[in-house]
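Here are the chains, one letter per residue:
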Amino acid sequence: MTTDEIIDLLTEAYIDELETVMNYRTNAIVLDGIHAEEVKESLEEDIPEELDHARILGERLKQLDESPPGSESFEANQHSLQPPEDTTDVQSVIEGVLEAEEAAIETYRSLVEAADDANDPVTEDVAVTILADEEAHRTEFRGFEKEFPMN
């Protein structure tokens, strides 16, 4: 892997983290019903962590003489994490979070591999650290998926 591939993966992850923040915030606001409260709380708790991931990724881009992208580089990809029409449809939000976490895990695993191939232990460490957080989020939402009623 080349430094260009590492830059591309860091940039993709940076944008994805910020999109996740937007979608978590929106879903935490719009979900309704008794079954929604625990999921809303979890989304709210995850927002600062996702923002911190973006900060870490942006700082790593800067260390590699690149700039993190601005909003003009943004293209939304988390279609399954859009707020549901039925604001009591907690299950669709849980499924959207799981899909987003799977995508993030795949990106960070690719970044770990690319950094290892390029002999870039700093980027590899960043990716491994964030990967662990994303896997923990996935585990939490798998638990929600098991216990929340299907709509």
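Everything that follows concerns the structure shown earlier in this document.
Residues numbered from 1 in each chain as written. Predicted model: local features only at pLDDT ≥ 70, side-chain atom pairs only at ≥ 80, totals over all residues. Heavy atoms only, no water.

Visitor: Give a detailed account of unusual backbone geometry, specifying residues and quantitative values.
Guide: A positive phi is found at D65, a non-glycine position, where the angle reads about 65°. The residue D65 is located in the loop between α2 (36-63) and α3 (90-117) in this model. Located in the positive-phi region is N119, a residue other than glycine, with phi close to 55°. Examined against the element boundaries, N119 turns out to sit in the loop between α3 and α4 (121-147). (Helix = DSSP H or I, 4+ residues; strand = E, 2+ residues; numbered from the N terminus.)

Visitor: How would you summarise a negative patch on the surface if you had to cite specific residues and measurements?
Guide: A cluster of acidic side chains, namely D4, E5, D8, E12, D65, E66, E106, E113, D116 and D117, defines a negative patch on the protein surface. Those elements that provide at least two residues to the negative patch are α1 (3-30) and α3. Relative to the elements of secondary structure, D116 occurs in helix α3. The class for D116 is partly exposed, based on a relative accessible area of 47%. (Patch = residues over 30% accessible without salt bridge, like charges linked within 9 Å, V, L, I, M, F, W, Y side chains within 5 Å. Areas by Shrake-Rupley, 256 points an atom, 1.4 Å probe, with all protein chains shown as cover. Salt bridge = Lys/Arg side-chain N within 4 Å of Asp/Glu carboxyl O. Lys, Arg positive; Asp, Glu negative; His and termini not counted. Charge placed at Lys NZ, Arg CZ, Asp CG, Glu CD. Buried < 20%, exposed > 50% of the residue type's maximum accessible area, 1.4 Å probe, protein only.)

Visitor: Just give me the short version of the packing of α1 against α2, but keep the residues and values in it.
Guide: Look at α1 against α2: their axes get within 8 Å of each other, and the N-to-C directions meet at 160°. It follows from the interaxial angle that α1 and α2 lie roughly antiparallel. Relative to α2, α1 is oriented so that their crossing is left-handed. (Axes fitted to C-alpha atoms, helices over the stretch in contact; angles between N-to-C directions. Parallel < 35°, antiparallel > 145°, perpendicular 65-115°, else oblique. Left-handed = near helix turned anticlockwise from the far one by under 90°.)

Visitor: Give me the pattern of salt bridges: which residues, what numbers.
Guide: For the coordinates displayed, the defined rule picks out 8 salt bridges. The residue E37 makes a salt bridge to K40 at a minimum N-O spacing of 3.9 Å. Taken together, the residues E37 and K40, both in helix α2 and 3 residues apart, mark about one turn of the helix. Ionic pairing is found between R109 and E135, a salt bridge with its closest N-O pair at 2.8 Å.

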